[in-house]
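So you can see what is in the structure, the chains are spelled out below.
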Amino acid sequence: MYSSITALSTGINAFGSGFGDFINATQNGQSALITSFLIGNNALRPERSRENEYGADFGFFDQKADLGLTWYNKRSTDVIIAVPVSAAQTGATQQFANAASLSNKGVEVSLNVRPITSRNVAWEVGATYGRNKGLVNSLAGAQFIPYNTEGFLGAIGSSTIGFAPGVLRGLDFARCGRGLQFDINNDNVVDDIDALCLDGGPFKNGALYLGADGLPVVDPTDRVIADPNPHYTMGFNTSVKLMNKLTLSGLVDVRKGGQVWDGTRSALLNFGTHAETLIRDQQGQFGKNFLTDIYPDVAGPGRNVVAFTTPNDWAGWFQGEGGSFGQSSAQFIEDGSFVKLREISISYTLDQPAIQRLLGFSTVDVRIAGRNLHTWTKYRGLDPEANLGGAEFLTQGIDFFNNPQTRSVVLSLNFNR
Amino acid sequence: MLHVTKLRRLAPLAVLALLGMAACKDFLTAGETQVDPNRPTQAANRLIFTGIQSNIWSQLGSDPVRVSGIWAGQFNGTQGQYFTVNNYGVSEQTTNGFHASLYAGGGLVDIRKLQAASIAQTDTLMLGVAQVQEAILIGTGADMFGDLVYSHALTGEANPALDKQMDVYDALTETLLVQALANLSVTRGGTNIGPGAADLAYGGDPAAWRRLAHTVRARIYMHEGEVRGASAYAKALAEARLGLTSNAQDFVAVYSGASLSEANFFFQFDQVQRFGYLVPNLSFVDTLQTRNDPRLDDYFVEDASFCGAEFCFSEARDAPDFTQPLITSNQNLLVWAEAAYRTGNILEAQTQYNAERAMSGVPANGLTLVGDPLLAAILGEKYIVNFQTIEAWNDYKRTCYPNVTPNVAGVKIPARFLYDTGERQTNTSIPPAQDQPTRNQNDPPNTVSDGQGTLACIGQ
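Just so it is clear, the model here is predicted, and its values are computed rather than measured. (Residues numbered from 1 in each chain as written. Chains lettered and ligands numbered in written order. Predicted model: local features only at pLDDT ≥ 70, side-chain atom pairs only at ≥ 80, totals over all residues.)

Engineer: I would appreciate a short explanation of unusual backbone geometry in the present structure.
Structural biologist: Trans is the common state for peptide bonds, and a negative phi is the common state for residues other than glycine. The omega torsion across tyrosine 401 of chain B and proline 402 of chain B is -5 degrees, close enough to zero to call that bond cis. Following the sequence through the fold, proline 402 of chain B ends up in the loop between α17 (391–399) and α18 (421–426). Its identity is not glycine, yet asparagine 244 of chain A carries a phi of approximately 60 degrees, on the positive side. In this fold, asparagine 244 of chain A is placed in the loop between β17 (230–242) and β18 (246–257). (Helix = DSSP H or I, 4+ residues; strand = E, 2+ residues; numbered from the N terminus.)

Engineer: What is the right way to read the sheet that holds strand β24 (residues 398–399) of chain A from this model?
Structural biologist: Sheet strands pair by backbone hydrogen bonding; their relative direction is either parallel or antiparallel. All names here are of chain A. Read from one edge to the other, the open sheet built from three strands follows the order β21-β19-β24, with strand pairing classed as mixed. In this open sheet, the two strands that pair with only one neighbour each are β21 (333–335) and β24. Relative to β24, strand β19 (residues 259–262) is paired through two bridges, and the arrangement is parallel. The partner of aspartate 262 across the bridge, within β24, is aspartate 399. Of the strands in this sheet, β19 and β24 are in contact with helix α3 (residues 263–271), which crosses β19 at around 25 degrees. (Pairing = 2+ DSSP bridges. Contact = placed C-beta atoms within 7 Å. Axes fitted to C-alpha atoms, helices over the stretch in contact; angles between N-to-C directions.)

Engineer: Where do I start with the interface of chain B and chain A in this structure?
Structural biologist: Many descriptions give the size of an interface as the accessible area lost when the pieces come together. Across the contact, 77 residues belong to chain B and 66 residues belong to chain A. Secondary-structure elements contributing two or more residues to the side of chain B that touches chain A are α2 (45–61), α4 (80–86), α5 (98–103), α6 (108–120), α11 (265–273) and α18 of chain B. Sort the elements by how many residues they give to the side of chain B that touches chain A and α2 of chain B lands first, with eight residues. Looking at the side of chain B that touches chain A residue by residue, the class counts come to 31 nonpolar, 35 polar and 11 charged. (Nonpolar A, V, L, I, M, F, W, Y, C, P; charged D, E, K, R; others polar.)

Engineer: What am I meant to see in the nonpolar core here?
Structural biologist: Generally speaking, soluble globular proteins have nonpolar side chains that are buried together. Judged by nonpolar contacts, the single largest core of 154 residues is most densely connected at Tyr103, Ala236 and Ile378 of chain B. If you tally residues by element for this core, the top one is helix α7 (residues 124–145) of chain B, at 13 residues. Every residue in contact with alanine 236 of chain B, bar those within four places of it in the chain, is listed here: Ala218, Tyr221, Met222, Val335 and Ala339 of chain B. Val167, Cys176, Val298 and Tyr379 of chain A belong to the second largest nonpolar core, which has 44 residues in total. (Core = buried A, V, L, I, M, F, W, Y, C linked by C-beta atoms within 7 Å. Buried ≥ 20, exposed ≤ 12 C-beta atoms within 10 Å, placed from the backbone.)

Engineer: Please clarify how the packing of α6 of chain B against α7 of chain B should be interpreted in this entry.
Structural biologist: For any two helices packed against each other, the geometry comes down to the angle between their axes and how far apart the axes lie. Residue and element names in this part refer to chain B. It is the contact of α6 with α7, at a shortest axis distance of 8 Å, that shows an interaxial angle of 160 degrees. Relative to α7, α6 is oriented roughly antiparallel. Crossing handedness for the pair α6 and α7: left-handed. Along the contact surface, α6 presents Leu108, Ile111, Leu114, Gln115, Ser118 and Ile119, while α7 presents Met126, Leu127, Ala130, Gln131, Gln133 and Glu134. Here the contact of α6 with α7 is composed, by residue class, of seven nonpolar, four polar and one charged. (Parallel < 35°, antiparallel > 145°, perpendicular 65-115°, else oblique. Left-handed = near helix turned anticlockwise from the far one by under 90°.)

Engineer: Quick question: what am I supposed to make of the pairing of strand β9 (residues 121–138) of chain A here?
Structural biologist: Residues in a regular strand project their side chains so that they alternate between the two faces of the sheet. Residues and elements named next belong to chain A. Here 15 bridges tie strand β8 (residues 94–117) to β9, and the two strands are oriented antiparallel to one another. Looking at β9, one finds that serine 103 is bridged to leucine 135. What sits between the antiparallel neighbours β8 and β9 is a turn of three residues. Of the pairings in the sheet, the one linking β9 to β17 comprises 10 bridges and is antiparallel in character. Note that in β17 the partner of alanine 127 across the bridge is phenylalanine 236.

Engineer: In this structure, what is going on with the sheet that holds strand β10 (residues 144–146) of chain A? I would like to understand it.
Structural biologist: Residues and elements named next belong to chain A. Taken together, four strands build an open sheet; the order of strands is β10-β11-β12-β16 and the sheet is antiparallel. Looking along the sheet, the strands with just one partner apiece sit at the ends: β10 and β16 (218–226). Looking at each pair of strands side by side, their axes are set apart by 40 degrees on average, direction ignored.

Engineer: It is not clear to me how the pairing of strand β22 (residues 338–350) of chain A should be interpreted in this structure. Could you clarify?
Structural biologist: Residues and elements named next belong to chain A. Note: β18 against β22, 10 bridges, orientation antiparallel. Within β22, the residue paired with aspartate 253 across the bridge is lysine 340. Judged from the 12 bridges that link them, β22 and strand β23 (residues 363–377) form a sheet pairing that is antiparallel. Counted as the bridge partner of serine 345 is alanine 369 from β23.

Engineer: Sorry, what's going on with helix α15 (residues 346–359) of chain B here?
Structural biologist: Since the α-helix packs 3.6 residues into each turn, any two residues three or four apart lie on the same face. Residues and elements named next belong to chain B. Over its 14 residues, α15 extends 20 Å from the first C-alpha to the last, a length consistent with the 20 Å expected when each residue adds 1.5 Å. Every buried residue of α15 is listed here: Ala349, Gln350, Gln352, Tyr353, Asn354, Glu356 and Arg357. Check the buried side of α15 and you find it contacts α14 (329–342) and α16 (371–385). (Expected span 1.5 Å × (residues − 1).)

Engineer: Help me understand the environment of arginine 66 of chain B, please; the structure alone is not making it clear to me.
Structural biologist: Residues and elements named next belong to chain B. Turning to its location among the elements, arginine 66 is positioned in helix α3 (residues 63–71). A count of 27 C-beta atoms within 10 Å places arginine 66 in the buried class. Spatially, the C-alpha atoms of arginine 66 and alanine 377 are 25 Å apart, while their sequence positions differ by 311 residues. Residues contacting arginine 66, with those up to four places away along its chain left out, are Phe75, Phe269 and Leu278.

Engineer: Looking at this structure, I do not really get the packing of α2 of chain B against α7 of chain B. What am I missing?
Structural biologist: All names here are of chain B. At their nearest, the axes of α2 and α7 sit 11 Å apart, and the two run at 25 degrees to each other. One way to sum up the angle between α2 and α7 is to call them roughly parallel. With respect to the hand of their crossing, α2 and α7 are arranged in left-handed fashion. Counting all contacts with α2, which are made through Asn45, Ile52, Ile56, Gln59 and Leu60, the residues of α7 involved are Met126, Gln133, Ile136, Leu137 and Thr140.

Engineer: Explain the environment of isoleucine 413 of chain B to me, please; I cannot follow it from the model alone.
Structural biologist: Along the chain, the position of isoleucine 413 of chain B falls in the loop between α17 and α18. When neighbours within four sequence positions are excluded, isoleucine 413 of chain B is seen to be in contact with Asn186 of chain A together with Trp71, Tyr88, Val404, Pro406, Gly459 and Gln460 of chain B.

Engineer: Please explain helix α9 (residues 206–228) of chain B as it appears in this structure.
Structural biologist: Residue and element names in this part refer to chain B. When the terminal C-alpha atoms of α9 are compared, their 31 Å separation across 23 residues agrees well with the 33 Å that a helix rising 1.5 Å per residue should span. Along α9, the sharpest change in direction is near 25 degrees and occurs at methionine 222. For α9, the tally of buried residues reaches 19 of 23 residues, placing the bulk of the element in the interior. (Bend = angle between axes of the 7 residues up to and from the residue.)

So yeah, pure geometry; function would need other evidence.
Following this line, the structure appears as structure tokens:
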């Protein structure tokens, strides 16, 4: 509260670095007060949002099929967030402001079909489809606002104009065809990357630039490197009930799109404990046998150069730019699409007179269910659904040693009097 | 008729509704929301002074010193982010927020508050002290980032423009520090009380602050030397003669060590937070060993249990209550010596060079050295006394002495920090990382290593 005023702070751990070495403003018995890093805003207005939602439910063929359709469009304006401000202008680093205007559009479709509804056999098949498109329309003059208190430097969630909320920003290696111009080696000469990419022949747009040593160079351009929001999600379920006693059911979840920063892999590469570091006994070359899924095309003077020949070469790479402390986070961005066999269950109802006689219950339901039985995905980490901060976190798509969803088999017995 | 009656009955309700709307309009900004009983909005001068003092300790003692020390060849970054820094990977994250600290709490915003309050209370000494604090902070910022928002800083104008680095230096040496020296010359008494006991380096002693002001001024003139040549060195010489000359006069950070939040930054980093990230550069250790230099044992210890490397920072320096020298008399004497050499005052150069050696417990080198060997001797001595300060890197950038071999073949040593992300995205005057210059205005690449004849400079 009190986000409209600017106050002084006692400056607890106010000075130092992100490595955790901090001192207080107060030292050696001498008290201190400093201007707060988060300043108030006297012109705050309430947030507003407007939502249009249309839906329809249809039943067909004497309720053997039903279809649900929903379309929504929500627009929020004057969203209050603590935005970064120019320290040189204001003497602070953050300020509350009516800074964002966002929209969310989406459709939800559900279809259920019951092909057989006889006395002894009941079969139902259902499918759902959902698609949400978020868009950041304006940010009070800023191009993007990072969620600095969440996630990781180098793969930081953000609201960026023209993208869905939550896209990750960071650095990539220099790519050809992006018109990049910067000083690669601090020699005080600005290098034209596209011109260098031509060294050794023409290049494909997006090809990874390789220097004469066969290694990529870090592009200092801060850019959007991943969108953790899925293109769409789908769910399929089916159940068959036989003789009113035996029920078989299954549930499959599908997510198309939704990129993930595999920070776990980056850290394990740094420590040399990831299975991919077993490549250390081989020679390695970009575009040929290393990171070809993320950087299929290469260009530049090093396009045919073997970059890694000894285990030490590999160690230097993984502990440096090729691991978690490297600057390029884009190399750890992977497609998080998946198909999951979410659940299969079988249940049977025992209602024989013997049950009543022996146990004193009218019926007993026996159910065995397996959850998260299998995942089909190209994602290299443990679980593309995992996220560091949980669902309430603004930043999604951060995989950093979080637990994957558990696979479980559940046996349950229900006794009904 | 019926309708009219109904409307009349509703009229009072409508008025109430309108009143309600009017009240709602400023419900976020009116009355109690403007006064937070738990947070003050005004502070006494000494409280503000102490906050600035802590920020300066951090700016001159925390991450910028470690990173620039790696680049100057005094430290090695062996793990984590420092491994990247060691390989000259520089990004907008490398500043670690230190650009913002120039302006935000404990920085220029509070310095300006302190100056305004000092003027209002006719505390001229406090005003002078705050002006020296400003010169230290902004001068260090200009060393790191080059062009800096300064004349437009905190004016409230959107996207404040950058001043050229040399213009920032000039504003500090020709205006701010001149005023500071005048203000610090006013006799103490009455309302004119200064920081007193809150000043943990000098106890509010105006003479001490005057010497520091001269030393800071000399230091900035030295930073201009590569571009402005003899005229800058002559000014540096004049100022250094009035600067710090004994260790009792050093500007230091005094850590109580009573808690982590009051502990020396090197201790916190090396021994508490990031064990083994930062270790001595062995070629620097070699230099001290070859010279049989007594500072070897002051700086380092041959005990792997301290950092995991062959040599580690000494127990005394990695202690929570180690008093960290920030701007020292040793540095000033050698600025004096170098400036004297650069302006042809050879005897004065030899004298101050030997005076500093005597202070450091190193035998005098007599008055025999002249020419390049004398310059190399001064710069070599300076490299040692600049240990754990940003001056090691500043001097290297200016002189290319010692002729450091870059850690990565084919790459030159970083010569500036990138502005941090927060400032770049909120101030369109700050260019994006890829468009920022490689070197600062005061620092064209050196072709030769100073004091070594025609020996080509490797790292620039």
